[in-house]
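Analysis of the macromolecular model
Each chain is listed here by its residues.
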Amino acid sequence: MNALSNKKILVTGAAGFIGYHLCKVLLETGCNVIGLDNISGYYDISLKLDRLRKLGINKHAISEGHLIRSSNYTSFGFIKANLQDKKTVRGLFLSQSFDSVVNLAAQAGVRYSVENPNVYIDSNIVGFINLLEVAREFQPEHVVFASSSSVYGANTKMPFSVADNVDHPLSIYAATKKSNELMAHAYSHLFAIPMTGLRFFTVYGPWGRPDMALFLFADAIVNEKPIKVFNNGDMARDFTYIGDVVSALTRVIQFPPIGNDSWNGIKPDPGSSKAPYRIYNIGRNKPVQLMSFIKALEHEFGKKAVKEFLPLQPGDVPVTYSDVSVLKSSFNFVPQTSVEEGIKIFAKWYREYYKVGNRATKH
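Residues numbered from 1 in each chain as written. Predicted model: local features only at pLDDT ≥ 70, side-chain atom pairs only at ≥ 80, totals over all residues. Heavy atoms only, no water.

Some points on a nonpolar patch on the surface
Stated formally: Only residues above 30% relative accessible area that lack a salt bridge enter a patch, with like-charged residues linked at up to 9 Å and the nonpolar side chains Val, Leu, Ile, Met, Phe, Trp and Tyr linked at up to 5 Å. All accessibility values rest on the Shrake-Rupley procedure with a 1.4 Å probe; residue burial counts only the protein chains present in the view. The term salt bridge refers to a pairing of a side-chain nitrogen on Lys or Arg with a carboxyl oxygen on Asp or Glu at a separation within 4 Å. By definition, any uninterrupted DSSP run of H or I lasting at least four residues is a helix, any uninterrupted run of E lasting at least two residues is a strand, and each is numbered from the N terminus.
On the surface, a cluster of nonpolar side chains totalling about 200 Å² of accessible area is made up of Ile121, Val126 and Ile172. Its location among the elements puts Val126 in helix H5 (residues 117–138).

Put into structure tokens, the structure is as follows:
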């Protein structure tokens, strides 16, 4: 961790779930951090603004394209900007001279991408190519970017391995994340920029996204409303606690990849390259049945859920399960937080943040 001290790191998507937690840990480690986020209205922006408030950013001081400083951390600054605005992004690099970049900015959501594909192309493809072009010009030591377990798509061999082919995405969201991996590899090959892609598996925890199952279920249980249980409950996810995800991120950031000399084009390894490029799964390697997940929530909130069983949704997959052997061999780290422990921490935060028992929830 000491290797990160005094490094200047750009974190895009800083007002988001993972971005907020990463910024907090990096700042506590001694990094200089600039956070960038467009504060989109995909979900309640008050949650995003409250995350920024915890980082010392006054919502009234936020102004498009202007860097503001934190009142809590002297080494933190925030800029409201969109990666599609290449001029602003380039200006930020010109003024800050980043050692590393962590790109967590993206339009998220599998189901929403079925209805609004153009938003995903603009944010996840156009925004990412702009970031890569600026990285090409300024050559940071390392670019880490968020991919997703959704890239495994139609694959059925379990657990999902970074050595597997991932050419059959089942949603536009997944397709954009696969595209990000391909784009990053091309830039790594052409311009020798160290690139690491992280395929996150169902991240959950305090300050999480309200559109994710954990939040939706908690809201429904607390307000005694039905929860939608897709695929008639026959679902399993490799639920990964946010603290473990950030621990993995801080390790990965410190070690820019180098080319894999044993890589060959006759039997190509999809997870590495002769270029300085790597892909890692970030998951717990222990899929949990959705009904068990709901039961843990019921226990923490002291209420039974009213369940509405529905078929599998377009773009969704029944099971995700990560092979994290490459992560373990590279960093001697595997996420360990159990679902029961993680949900307990989430429920405590949820009750405090939404003042459950005193008033209705915010969404």
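A closer look at the packing of aromatic side chains
Short version of the rule: When the centres of two rings from Phe, Tyr and Trp lie within 6.5 Å, Trp using its six-membered ring, the rings pair. Their planes under 30 degrees apart give stacked, over 60 give edge-to-face, and anything left gives tilted. The classification of residues rests on relative accessible area computed with a 1.4 Å probe and restricted to protein chains. Under 20% of the type maximum is buried, over 50% is exposed, and intermediate values are partly exposed.
Across all of its chains, the model carries 28 aromatic pairs by this definition. Ring geometry for Tyr120 and Tyr173: centres 6.2 Å apart, planes at 80°, overall edge-to-face. On the criterion of sequence distance, the pair formed by Tyr120 in helix H5 and Tyr173 in helix H6 (residues 172–191) is long-range, its members being 53 residues apart. Here the two residues Tyr120 and Tyr173 agree in accessibility, since each one is buried. Each ring, one from Trp349 and one from Tyr353, has its centre 5.1 Å from the other, and the planes form 15°; the classification is stacked.

Some remarks on the side chain of Asn180
As a reminder, the rule being used: Contacts are assigned to residue pairs that have any heavy atoms within 4.5 Å of one another.
Mapping Asn180 onto the fold places it in helix H6. Ignoring any residue separated from it by four or fewer positions in sequence, one finds Asn180 in contact with Asn124, Ile125, Phe128 and Phe145.

Here we look at the environment of Asn124
Short version of the rule: The term polar contact refers here to a pair of N or O atoms within 3.5 Å; inside protein, the definition further demands a hydrogen-donor-capable atom paired with an acceptor-capable atom, and it admits residues adjacent in sequence only when both atoms are side-chain atoms.
Along the chain, Asn124 falls in helix H5. Residue classification places Asn124 among the buried residues on the basis of a relative accessible area of 2%. A sequence separation of 41 residues divides Asn124 from Leu83, and the C-alpha atoms of the two residues are 9.1 Å apart. At a separation of 3.3 Å, a polar atom in the side chain of Asn124 contacts the side chain of Ser123.

Digging into the sheet that holds strand S4 (residues 76–80)
Test applied: DSSP bridges decide pairing: two strands pair if at least two such bridges lie between them. The convention used is that axes are lines fitted to C-alpha atoms, helices contributing only their stretch in contact, and that angles between N-to-C directions extend from 0 to 180 degrees.
Sheet architecture is open: eight strands sit in the order S3-S4-S2-S1-S5-S6-S7-S12, paired in mixed fashion. Among the strands making up the open sheet, the edge pair consists of strand S3 (67–69) and strand S12 (277–282). If you compare each strand with its neighbour and ignore which way they point, the axes differ by 20° on average. The pairing of strand S1 (residues 8–12) with strand S2 (residues 32–37) spans five bridges and is parallel. Of the residues in S2, the one forming a bridge with Ile9 is Val33. Along the sheet, helix H1 (residues 17–29) makes contact with S1, S2, S4, strand S5 (100–103) and strand S7 (195–200), crossing S1 at roughly 165°.

Focus on the packing of H1 against helix H8 (residues 242–253)
Convention followed: Here the word oblique covers every angle except those under 35 degrees (roughly parallel), over 145 (roughly antiparallel) and from 65 to 115 (roughly perpendicular). Here is the rule for handedness: rotate from the far helix to the near one, and if that takes an anticlockwise turn smaller than a right angle the crossing is left-handed, while a clockwise turn gives right-handed. Under the convention adopted here, Pro, Cys and the residues Ala, Val, Leu, Ile, Met, Phe, Trp and Tyr are nonpolar, Asp, Glu, Lys and Arg are charged, and Gly plus all remaining residues are polar.
Contact geometry of H1 with H8 gives a least axis separation of 10 Å together with a crossing angle of 60°. When the axis of H1 is compared with that of H8, the two are oblique. Crossing hand, H1 versus H8: right-handed. Of H8, the residues touching H1 (which contributes Phe17, Ile18, His21, Leu22, Val25 and Leu26) are Ile242, Val245, Val246, Leu249, Thr250 and Ile253. For the contact of H1 with H8, a count of residues per class yields ten nonpolar, two polar and no charged.

Quick look at the packing of helix H7 (residues 213–222) against helix H9 (residues 290–301)
The N-to-C vectors of H7 and H9 enclose an angle of 45°; their axes lie 10 Å apart at closest approach. Classified by the interaxial angle, the pair formed by H7 and H9 is oblique. Where H7 crosses over H9, the handedness of that crossing is right-handed. Contacts between H7 and H9 pair Leu214, Phe217, Ala218, Ile221 and Val222 from the former with Leu290, Phe293, Ile294, Leu297, Glu298 and Phe301 from the latter. Considered class by class, the residues forming the contact of H7 with H9 number ten nonpolar, no polar and one charged.

Quick word on the nonpolar core
Heads up, the condition is: Put simply, a nonpolar core is a bunch of buried Ala, Val, Leu, Ile, Met, Phe, Trp, Tyr and Cys residues held in one set by side-chain atoms that sit within 4.5 Å of each other.
The biggest cluster of nonpolar side chains holds 77 residues, and the ones touching the most others in it are Phe200 and Leu297. Once residues within four sequence positions are removed from consideration, Phe200 is found in contact with Ile18, Leu104, Ala146, Ser147, Ser148, Ser149, Val245, Leu249 and Ile282.

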